[in-house]
Amino acid sequence: QVTLVESGGGLVQAGDSLQLSCAASGRTANTFRMAWFRQAPGKERDFLAGFNWGNIRPNYADSVQDRFTISRDNTRNTLYLQMNNLKPEDTAVYYCATSDAPIGAYAYWGRGTQVTVSS
């Protein structure tokens, strides 16, 4: 079992930056896939950025590649998402997820942290 807890969300203005954190506990490993998703009101949950199995270089959704950076600190079992130049359309609940399988659906999810960007 893995528990994920996101933090760092809040209310910011357009152009501001935020760093989200996701602390993992329980059955964790540096090779597990980890990723960030977000879900805006009335929309589906979208992939933002993630590390594939084996913790190789991250991959990003095209919509955030130039503004968001994902990183992980394996010594602290923590995943981060640095978000720069935030826009009102970035308003959403942000989730982290992990899986002990190299492919397929993510097995474990956090409860999410709200990010609201005002114009």
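Everything that follows concerns the structure shown earlier in this document.
Residues numbered from 1 in each chain as written. Predicted model: local features only at pLDDT ≥ 70, side-chain atom pairs only at ≥ 80, totals over all residues. Heavy atoms only, no water.

Colleague: What's the story with the overall build of the protein chain in this structure? I'm lost.
Modeller: Scanning the protein chain for helices and strands turns up zero helices and 11 strands. Along its sequence from the N terminus, the protein chain presents helices and strands in the succession β-β-β-β-β-β-β-β-β-β-β. Its C-alpha atoms give the protein chain a radius of gyration of 13 Å, near enough to 14 Å, the size a compact globule of 119 residues would have. Seen through its C-alpha atoms, the protein chain measures out along the principal axes to roughly 40 × 30 × 25 Å. (Helix = DSSP H or I, 4+ residues; strand = E, 2+ residues; numbered from the N terminus. Rg over C-alpha atoms; globule rule 2.2 N^0.38 Å.)

Colleague: Is there a simple way to explain the nonpolar core in this structure?
Modeller: Generally speaking, a soluble globular protein has its nonpolar side chains buried in company with each other. Within the largest apolar cluster, 27 residues are counted, with the highest numbers of intra-cluster contacts made by Leu4, Trp36, Phe68, Leu79, Leu81, Met83 and Tyr94. Contributing elements (two or more residues each) for this core: β1 (2–7), β3 (18–26), β4 (33–39), β5 (45–51), β7 (68–73), β8 (78–83), β9 (92–99) and β11 (113–118). When residues in this core are grouped by element, the largest group, four residues, is from β3. Those residues in contact with Phe68 that sit more than four places away from it in its chain are Arg38, Leu48, Tyr60, Leu81, Gln82, Met83, Asn84, Leu86, Asp90 and Tyr94. (Core = buried A, V, L, I, M, F, W, Y, C linked by side-chain atoms within 4.5 Å. Buried < 20%, exposed > 50% of the residue type's maximum accessible area, 1.4 Å probe, protein only. Contact = heavy atoms within 4.5 Å.)

Colleague: Is there a simple way to think about the state of the cysteines in this case?
Modeller: By definition, a disulfide links the sulfur atoms of two cysteines through a covalent bond. Within this structure, the stated rule accounts for one disulfide. Here Cys22 engages in a disulfide with Cys96; their sulfurs sit 1.9 Å apart. On the S-S bond that ties Cys22 to Cys96, the torsion sits near 50 degrees, and the link is right-handed. Taken together, the residues span a long stretch of sequence, with Cys22 in strand β3 and Cys96 in strand β9 at a distance of 74 residues. The pair Cys22 / Cys96 is uniform in exposure class, with both members buried. (Disulfide = S-S within 2.5 Å.)

Colleague: Would you explain the pattern of salt bridges in this entry?
Modeller: A pair can form between side chains of opposite charge whenever their charged atoms are brought close. This structure, assessed with the given rule, holds four salt bridges. A salt bridge links Arg76 to Asp73, with the nearest nitrogen and oxygen atoms 3.8 Å apart. Here the salt bridges do not stand alone but share partners, grouping Arg38, Arg67 and Asp90 into one network. (Salt bridge = Lys/Arg side-chain N within 4 Å of Asp/Glu carboxyl O.)

Colleague: Can you walk me through the sheet that holds β7 in this structure?
Modeller: Two orientations exist for strands paired in a sheet by backbone hydrogen bonds: parallel and antiparallel. With antiparallel pairing, the four strands of this open sheet are ordered in space as β1-β3-β8-β7. The open sheet has two edge strands with one neighbour each: β1 and β7. In this sheet, neighbouring strand axes are inclined to one another by 15 degrees on average, regardless of whether the strands run parallel or antiparallel. Of the pairings in the sheet, the one linking β3 to β8 comprises six bridges and is antiparallel in character. (Pairing = 2+ DSSP bridges. Axes fitted to C-alpha atoms, helices over the stretch in contact; angles between N-to-C directions.)

Colleague: What is the right way to read empty space enclosed by the protein from this model?
Modeller: Unoccupied space between atoms shows up once a probe the size of one water molecule is rolled over them. Taken as a whole, this structure holds one cavity of 30 Å³ or more when the rule is applied. One number sums up the size of the largest cavity: a volume of about 80 Å³. Lining the largest cavity are 13 residues; nearest its centre among them are Ala24, Thr28, Ala29, Met34 and Arg72. Tallied by class, residues from the lining of the largest cavity come to six nonpolar, six polar and one charged. (1 Å grid on protein atoms, 1.4 Å probe; cavity = no way out; pocket = protein on both sides within 12 Å on 5 of 7 lines; lining within 4 Å. Points joined across faces, edges and corners; volume = space filled by probe spheres on them. Nonpolar A, V, L, I, M, F, W, Y, C, P; charged D, E, K, R; others polar.)

Spatial relationships are all this shows, so hold off on functional conclusions.
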